[in-house]
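A closer look at the structure
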Amino acid sequence: MRDALAEIRRRGAELVIVGNGRPEHAIDFRDSEHVESPLYVDPELQAYAAAGLKRGLRSSLSPGVVFRGVRAFVEGKRQGATMGDPWQQGGVFIIRPGNRVAFAYISQEAGDHPSAEAILSALDRLAPKKRDAPHGA
Amino acid sequence: MNVAKNLEDISVLDPDGHAIRLGDLWAEQTIVLAFIRHFG
């Protein structure tokens, strides 16, 4: 599968990542993982709470494992069982102008997350994809 | 409940520490908003 971020953008959307931490964590993350998507932090977890995301047992995953997991997603790779899970007790939403929610996935437990394919399929349902468009041009 | 309405007036911080209103992110384009549980 091709780069998931590129696939999202090819569908006219943007990937926005929100993490739990301080801005300096975002800088480290962005620089070390070469994140090209807009990246924000929600230190007080206000957005997490407003989104109805689950709070439960804290993960034993190291930040490095999580970062690799996110990179795996943005690079469109499937995550193996030992890779860690960036969506743990997180969630993914597709939101369109006008507060229209086209997709909502609230992780219920560790390892529970939507596939990149599910996200891309949801985007496909919003607008036809230009399959014949050249890419990388 | 509409999660977008719940979120739109909440601000998050960019890596430089500037507050960004979430609703502004999807005001003019479709976004895939991914919350990760751990960030550091």
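The following paragraphs examine the structure supplied in this document. (Residues numbered from 1 in each chain as written. Chains lettered and ligands numbered in written order. Predicted model: local features only at pLDDT ≥ 70, side-chain atom pairs only at ≥ 80, totals over all residues. Heavy atoms only, no water.)

Here's the deal with the pattern of salt bridges
All names here are of chain A. Scanning the model with the defined rule gives 8 salt bridges over all chains in all. Measuring nitrogen to oxygen at the nearest pair gives 2.6 Å for the salt bridge that ties Asp-124 to Arg-11. Taken together, the residues Asp-124 in helix H5 (residues 116-126) and Arg-11 in the loop between helix H1 (4-10) and strand S1 (13-19) connect sequence positions 113 residues apart. Classification of Asp-124 by relative accessible area gives partly exposed; the value is 25%. Because the salt bridges share partners, they merge into one network encompassing Glu-7, Arg-10, Arg-11 and Asp-124. (Salt bridge = Lys/Arg side-chain N within 4 Å of Asp/Glu carboxyl O. Helix = DSSP H or I, 4+ residues; strand = E, 2+ residues; numbered from the N terminus. Buried < 20%, exposed > 50% of the residue type's maximum accessible area, 1.4 Å probe, protein only.)

Points about the environment of A:Glu117
All names here are of chain A. Mapped onto the secondary structure, Glu-117 falls in helix H5. Take Glu-117: its relative accessible area is 29%, and that puts it in the partly exposed class. Sequence spacing of Glu-117 and Leu-53 is 64 residues, and the spatial spacing of their C-alpha atoms is 21 Å.

Topic: the packing of aromatic side chains
Under the criterion given, the structure shown has 2 aromatic pairs over all chains. When the centroid spacing of 5.1 Å and the interplanar angle of 70 degrees are considered together, the rings of A:Tyr48 and B:Phe35 count as edge-to-face. Of the two residues, A:Tyr48 is situated in helix H3 (residues 46-50) and B:Phe35 in strand S3 (residues 30-35); the pairing between them involves two chains. No difference in accessibility class separates A:Tyr48 from B:Phe35, as the two residues are buried. On the basis of an interplanar angle of 85 degrees and a centroid distance of 6.1 Å, the ring pair of A:Phe93 and B:Phe35 is categorised as edge-to-face. Remark: B:Phe35 occurs in strand S3 and A:Phe93 occurs in strand S3 (residues 91-96); the pair is interchain, linking two chains. Assigned by exposure class, A:Phe93 and B:Phe35 land together as buried. Among the aromatic residues, those joined into a cluster by ring pairs are A:Tyr48, A:Phe93 and B:Phe35. (Phe/Tyr/Trp six-rings, centres within 6.5 Å; stacked < 30°, edge-to-face > 60°.)

Considerations on the interface of chain A and chain B
Contact residues are listed per partner, giving 52 residues for chain A and 33 residues for chain B. Among the residues of chain A in contact with chain B, A:Tyr40, A:Ile95 and A:Asn99 are the three that bury the most area, contributing 18% of the side total. The interface formed by chain A and chain B includes 0 salt bridges. Where chain A packs against chain B, one counts 14 residue pairs in polar contact (both at pLDDT 80 or more). Here the side of chain A that touches chain B takes 7 residues from S1(A), the largest share from any one element. Class assignment of the residues belonging to the side of chain A that touches chain B gives a composition of 34 nonpolar, 12 polar and 6 charged. Both S1(A) and S3(B) contribute to a ladder of 6 bridges, which runs parallel. Bridge pairing in S3(B) links A:Val16 to B:Leu33. (Contact = heavy atoms within 4.5 Å. Buried area = accessible area lost by both parts, 1.4 Å probe. Polar contact = N/O pair within 3.5 Å; in protein donor to acceptor, adjacent residues only side chain to side chain. Nonpolar A, V, L, I, M, F, W, Y, C, P; charged D, E, K, R; others polar. Pairing = 2+ DSSP bridges.)

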